[in-house]
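For reference, the chains in residue letters:
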Amino acid sequence: MVNAAFDGQDLLSALFGKFKVQSDGEIDTLLFKNKAAAQKSATLNLLFCLEPPKRIKVEADPTINESTKSVKIEAHPTINESSRTEPVHPKQYPLWVNRLFALGFGSKAAPRYTLNSIKHHAALRDPKGPILSAKNPCVVTCVITYTENSCGEPMSIKSGDHFTKDHAFEDMIRCVETSFNPTNVPCQSAVIEEQERDCIMANYDPIVFYEKALPLWSTAPVESTAFLYELKFTTNNTSSTTSSEISSNRTIPFCNSYGLEESESTRIGLITGSDIFDVLIDGEQELSTDFTIPSSKVDHHVSVTICNRTAIDVTELKNQMLDTTELDPVSLMKCFNAILFQNGGRTYGLGPAKSQEEILSQMCNNRSDFDRTYMLLPLKPSESISDQGLLIDWKVVTDVVNDTWSPVLDIRDGNEPHLVRKSTLYNRFIKQPVGFRGNLFVVDMDPSSNLTAESLLQSLLPEDVMEIVSHETKAQFYDRCGIELENATYASYHTCCWANKKRPEDLESSVLKYPHQSLIKARRVLSHLDSDFTISLAKGNNSSANNNCKQPPIASLVIEAGYLIPELAVFLPMPRDMLYLAHHSCHFMTALERAHDLKTASARLLNMQHEAGNILQEHTTSSPTTMTKLIDDATKLDSKEPLIRENERLESLGDAVLMFLITMNVFSTCSQRYDYVLDFFKEEITTLGKNEVLSAGATLMGLSRLSHDKNNSISSWRSACMPNPTSRPNKKWSVKNIADTMESILGAAFLTDPTGAMVVGILNEIAPCFNAAKGQQDINPSHWFNAVSTCMQGGYQFERDRPWMSELNRLKMILDDSSVLTTLEAGADSLLGIFLELSDSDKLIANIKAKDFSLLLIHAALFDDSLDEMYGDEGPDANGLEQIAILRDKLFHVGNSTLLLSMLNEIYQSSAATSGDLHFSKISVLSDDALCYIFIKNGLQNCLFDEESDACEMFAYHMNVADSLGKAFYEEKNMAVPRYCGLAAGRLFGEKGAVSRDITEEIVFTFKTIVGAFCLSIGLKDTWILARPLFSELLLLSPDEMRETFALVSDVAAKNKKGSH
């Protein structure tokens, strides 16, 4: 409204578009054609009314909420003849900085306290409680740590538990102010005060540290009842196997890949304090996952499965144990695992063994509530399985704990001396105390490598080695052993080594009793758990090439030759394959913990889906396998592929899903709303879609439990039996990170359940956060979605919504009695005819025509003319038809969100598009220019009530120019000219930017209201079947092809890259 008469109507037309003037004799009132023009006019009037004496500058601190921003008002600088520079203003700080400064906080030079840090920590209220449940939220605390300067004593103050970082921070500040009285800070220079405040700011960390929560079975102590499982490892990687029977096209036991048959390998068991399978879907009794064992040559891709569950009474295990230990079963298992995990298994057998008391004492000192309590154990061979289920191989466990060595040469029961099973020797470490001191060896798996009978009389060193031995070394050997090196044999050398001990009992036993036994070819172990363990075991790689040892030269040469005397050699009890796999527990156990969390989350989401489906009367069956994979993708924070990150792709889709359901929820509540309808929709969508709201919702659900950084999980894995503690895992999450993950979960839920029931279940779970964002408290806190249907698989069920049923009946009566019905009916028939021709979907068109409410919605969408131009304020139909126009406004946002979700879902499912690709495709295909082009090109403007729309005529002119330029562009490149030849990645050929919104706004609005009418009639899925042919040509090119083709033509293609947007 302009409060004075005015001239220059041509100028106003240029500024605001079409308008007319009404006058009451004193005041002239402008009535504009569209809302955007009215907004421009209102803005201009506001600027006329404002006086600009001061310049307002708002300094927003990203670490705090809106209520704590500092506002700085700067006067215009005084300009005089002597100086034209602006005055220097003091640096502004958030209010909380000044509050801490007033209490004496700052650097070491501060009056009272040195501020060390301000950090936020978050953890599930009950780490052992339910997952993805508002009943077990993630709570945030804020901790300030400081040092009292007078005594140097470090101190801290902690806030209470809160659901948001901001609330925890403010609570911490209040706690500090309650604990301390303001101090009279000595007068200091402005520079020093600024430095102190800067110190306070520098020690504030806005990122929240989320503590890792583990599955219950991971941390439950093994007490009276335990659960024993078998771990089965398989692989498709056969590059290092020696078995000719193994086909590269099928899964094989992992042990085959390093040369052991399954019967020769160690069966590995897992014992836990609670049942792993008690929360899985449909009583599953297996849990599988994949993991990778890194190697310097070729990574091993392995699958592990937990199976063969056996419940055991711990007190009965004593009956199965050997009588060679006084430890109780649990203590014995703990000792075994401590040895298994000591130094990552790298030094087993290479030094003196620790006593049982020392091992148990270390574990008690290092115990943490967040350590894994499960343990790995060797199981008896499969043929030993009894009716009791799995059985622990207590002999191996006891021998390892007692450090009991076994002879390589079996001379029991008076039988002929013979080697123990070769498969046993392959899977054990061997020592020969006499001659080779404390070195460890592994048996060469080549059967031809052992010498024949009388091998003890073979020369100690082969001729090629003898040639490189110096005279000084030979002399040293003679002085030490009394034997010429050239004449020395294995028998004489070891007799001499024994004799050098100079003990009578050693001299008596120095004579070898079985000289005809073949020597055993072996290799010395320097690092028996290096990354190439499997290759070394299978192919005999010599890992002992490192000659940096302290043995005498001749002893070193003998050791490198690697022949052991059977009756002098012993083998250690720990199986090599078990030690190797235990060394990689951080890889497969973290993968199993993750798989269990995902299965548990899947079960929880299925429950949410069922509850929401009952309310919406929409039921579907979802695949747990597909759902688990999608949840994994949605919550993984790491990715090997730098561009295609599934969590970011799902986030883009989830954002559209959220917008669609918020829109449907708003639509369900606005049947009786007639004022500011468009603003009402926009405000709800904007408010509920904020990162702060979604972050609070994710915190309420405890979503941090599922967030996963593979590298962090592996590096921080820790067993309670490990002798040395490691750092406790934490994850850093910003508000945006956790909000993005929430959207990713919504995207995964939509793909799992296209009816939307699962997504609604999730949104209902975080209802308190939505209510709080709107300033509402405890309004049905467990139920947010009010619509009777999601409109994803079918139309809106108006018959179940009484307010809307009543409203539509009223509007139908208005339209039936109006003079515009005939024109709108003709337009609707024409519109449905166009879509029938494009989609060839007779059934869908018939379905729309059969519903009275569907036709009413389409009539409202097509009613695009100004009522004032038709009738003025006193027109006979003006008041009633205004209600039809308001219904049209309600259709707009439904159509907008329908197009967005349909398009992103199409692109997501049809290609491996990056998140940047999704964003680029969205703005290319759904830009205002593209929508207007499609609308006019397909003749949809001929269906409108206003058949002579100025906007349509003006855009048609731009379109024809663009078509001419586009046709020339394709012909110059010898490319086929497409139907939409005037479009170039969201822009028209020949246009430097977007066409003026004064032209496109009303056309785009009408297009989206038509789509909204279709969605409410037949649902999102079928609406896209009708609408997709309009966009199919634009979807033929991939995002990369669009960038390459239109980079020099369209600013959209030039600016939007392939990666994250």
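Residues numbered from 1 in each chain as written. Predicted model: local features only at pLDDT ≥ 70, side-chain atom pairs only at ≥ 80, totals over all residues. Heavy atoms only, no water.

In this section: the pattern of salt bridges. Scanning all chains against the criterion turns up 28 salt bridges. With a shortest N-O distance of 3.0 Å, R705 and D597 are connected by a salt bridge. In this pair, R705 is assigned in the loop between helix 24 (691-701) and helix 25 (710-715) and D597 in helix 20 (residues 585-616), connecting sequence segments 108 residues apart. For the salt bridge of D633 with K629, the shortest nitrogen-to-oxygen distance reads 2.7 Å. Here K629 and D633 lie together in helix 21 (residues 624-635), a separation of four residues that amounts to about one turn. Assessed through its relative accessible area of 6%, D633 is described here as buried. Connected via shared salt-bridge partners are R99, E170 and E177. (Salt bridge = Lys/Arg side-chain N within 4 Å of Asp/Glu carboxyl O. Helix = DSSP H or I, 4+ residues; strand = E, 2+ residues; numbered from the N terminus. Buried < 20%, exposed > 50% of the residue type's maximum accessible area, 1.4 Å probe, protein only.)

Another aspect to go through is the nonpolar core. Across soluble globular proteins, nonpolar side chains show a tendency to be buried alongside one another. F105, I118, F955, L1016 and F1031 are the most contacted members of the largest nonpolar core, which has 182 residues in total. Of all the elements, helix 34 (residues 878-910) adds the most residues to this core, at 13 residues. In contact with F1031, other than residues within four places in its own chain, are L899, M903, V925, L926, L931, I934, F1007 and W1024. Listed in part, the 108 residues of the second largest apolar core include I312, V420, V469 and I483. (Core = buried A, V, L, I, M, F, W, Y, C linked by side-chain atoms within 4.5 Å. Contact = heavy atoms within 4.5 Å.)

Let's shift gears to the state of the cysteines. According to the stated counting rule, one finds zero disulfides in the structure shown. For C175, which is in no disulfide, the shortest distance to another cysteine sulfur is to C142 and amounts to 9.6 Å. (Disulfide = S-S within 2.5 Å.)

As a further point, take the sheet that holds strand 20 (residues 440-443). Within a beta sheet, neighbouring strands are joined by backbone hydrogen bonds and run either parallel or antiparallel to one another. One open sheet accounts for six strands, arranged 16-23-19-20-21-22; its pairing is antiparallel. Two strands bound the open sheet, and with one partner strand each, they are strand 16 (406-407) and strand 22 (563-564). In this structure, strand 16 lies alongside strand 23 (residues 570-571), joined through two bridges in antiparallel fashion. Bridging across to strand 23, S406 finds its partner in F571. (Pairing = 2+ DSSP bridges.)

This next bit is on a nonpolar patch on the surface. Among the surface-exposed residues, Y957, V961 and L965 lie close enough to one another that they form a single nonpolar patch of about 300 Å² accessible area. By the secondary structure assignment, L965 is in helix 37 (residues 950-972). (Patch = residues over 30% accessible without salt bridge, like charges linked within 9 Å, V, L, I, M, F, W, Y side chains within 5 Å. Areas by Shrake-Rupley, 256 points an atom, 1.4 Å probe, with all protein chains shown as cover.)

Topologically, H708 is positioned in the loop between helix 24 and helix 25. Here H708 falls in the buried class, since its relative accessible area comes to 9%. Between the alpha carbons of H708 and K212 there is a distance of 9.3 Å; along the sequence they are 496 residues apart.

In this model, the protein carries an average pLDDT of 80, and 79% of its residues clear a pLDDT of 70 or more. Low pLDDT, under 50, characterises residues 1-6; the predicted model gives this stretch 14 contacts beyond four residues in sequence or across chains. Under a pLDDT of 50 for its full length, residues 538-551 has, in the predicted model, 28 contacts with residues more than four places off or in other chains. (pLDDT = per-residue confidence, 0-100.)

Between helix 35 (residues 915-925) and helix 40 (residues 1039-1046), whose axes approach to 10 Å, the crossing angle comes to 60°. Between helix 35 and helix 40, the interaxial angle falls into the category oblique. Considering how the two elements wind past one another, helix 35 and helix 40 form a crossing that is left-handed. In this structure, helix 35 contributes G916, D917, F920, S921 and S924 to the contact, and helix 40 contributes P1039, D1040, M1042 and R1043. Residue composition of the contact of helix 35 with helix 40, by class: three nonpolar, three polar and three charged. (Axes fitted to C-alpha atoms, helices over the stretch in contact; angles between N-to-C directions. Parallel < 35°, antiparallel > 145°, perpendicular 65-115°, else oblique. Left-handed = near helix turned anticlockwise from the far one by under 90°. Nonpolar A, V, L, I, M, F, W, Y, C, P; charged D, E, K, R; others polar.)

Before going further, it helps to spend a moment on the pairing of strand 20. With burial as the criterion, each face of strand 20 is covered, one bearing L440 and V442 and the other bearing F441 and V443. Here two bridges tie strand 19 (residues 430-431) to strand 20, and the two strands are oriented antiparallel to one another. Pairing of I430 across the sheet is with F441, part of strand 20. With four bridges joining them, strand 20 and strand 21 (residues 520-525) adopt antiparallel strand pairing. Its bridge partner lying in strand 21, L440 is registered against V525.

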